[in-house]
Amino acid sequence: MAINNQPDECLDMADIRQEIDQIDRDVIALIGKRFKYVQAAAKFKKNPTDVAAPARFQAMLAERRSWAEAEGLSPDAIEKMYTDLVNHFIAEELKSWQGQQ
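Residues numbered from 1 in each chain as written. Predicted model: local features only at pLDDT ≥ 70, side-chain atom pairs only at ≥ 80, totals over all residues. Heavy atoms only, no water.

Asker: In this structure, what is going on with the packing of aromatic side chains? I would like to understand it.
Answerer: One pair of aromatic rings is described through two measures. These are the centre distance and the angle between the planes. Throughout the structure, instances matching the rule amount to one aromatic pair. Taking NZ or CZ as reference, Arg64 lies 5.7 Å from the ring centre of Tyr82, over its face. (Phe/Tyr/Trp six-rings, centres within 6.5 Å; stacked < 30°, edge-to-face > 60°. Lys NZ or Arg CZ within 6 Å of the ring centre and 35° of its normal.)

Asker: Looking at this structure, how should I read the pattern of salt bridges?
Answerer: Close approach of charged atoms allows side chains with opposite charge to pair. Enumeration according to the criterion identifies six salt bridges in this entry. One salt bridge connects Arg64 with Glu63, and the closest N-O pair in it is separated by 3.1 Å. Taking relative accessible area as the criterion, Arg64 reaches 10% and is therefore assigned buried. In this structure, Arg65 and Glu79 form a salt bridge, with 2.6 Å as the shortest nitrogen-oxygen distance. Separated by 14 residues along the polypeptide, Arg65 in helix H3 (residues 54–70) and Glu79 in helix H4 (residues 75–100) bring together distant segments of the chain. By relative accessible area, which is 25% here, Glu79 ends up partly exposed. Overlapping salt bridges, with partners in common, bring together Arg65, Asp76 and Glu79 in one network. (Salt bridge = Lys/Arg side-chain N within 4 Å of Asp/Glu carboxyl O. Buried < 20%, exposed > 50% of the residue type's maximum accessible area, 1.4 Å probe, protein only. Helix = DSSP H or I, 4+ residues; strand = E, 2+ residues; numbered from the N terminus.)

Asker: Mind showing me how you'd approach the side chain of Glu19 here?
Answerer: Tracing the sequence through the fold places Glu19 in helix H1 (residues 13–41). The side chain of Glu19 is buried and forms no salt bridge, while Arg25, the nearest opposite charge, is found at 11 Å. Side-chain polar atoms of Glu19 contact the backbone nitrogen of Asn4, separated by 3.1 Å. (Lys, Arg positive; Asp, Glu negative; His and termini not counted. Polar contact = N/O pair within 3.5 Å; in protein donor to acceptor, adjacent residues only side chain to side chain.)

Asker: Sorry if this is basic, but what is going on with the side chain of Arg64 here?
Answerer: Inspection of the secondary structure puts Arg64 in helix H3. Residues in contact with Arg64, not counting those within four places in the same chain, are Arg34, Arg56, Ile78 and Tyr82. (Contact = heavy atoms within 4.5 Å.)

Asker: Looking at this model, I keep getting lost on H3. Mind explaining?
Answerer: Side chains that are three or four residues apart share a direction in an α-helix, a result of its 3.6 residues per turn. The terminal C-alpha atoms of H3, which comprises 17 residues, lie 25 Å apart, in line with the 24 Å expected from a rise of 1.5 Å per residue. Every buried residue of H3 is accounted for by Phe57, Met60, Leu61, Arg64 and Ala68. Down the axis, H3 shows its buried residues gathered within 100 degrees of arc, on one side only. Exposed residues pointing more than 90 degrees away from the buried face of H3 are listed as Ala55, Glu69 and Ala70. Residue Gly72 follows H3 closely and has a positive phi angle near 75 degrees. (Expected span 1.5 Å × (residues − 1). Arc of directions from axis to C-beta.)

Structure below.
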């Protein structure tokens, strides 16, 4: 993460936008890295229920909500974001799993 300025050090909107764009680029790169782990996980799954892992999914959402609260963020917004992201990843992992069968 290459943040040049803290929020209170930005001199204008261009600085703010540059920092936000860099953070978003870093977040997207991390999501891409997360996806590679999801794809790798398919080889350890025995059936479609293992891929969806509903109990793990719910536990993960609860933990992300807790992390959001600790960061002063809306737990509902973070849960929605992760629900959408992980549902997409589950669908992709299922495709990988089916391709390995």
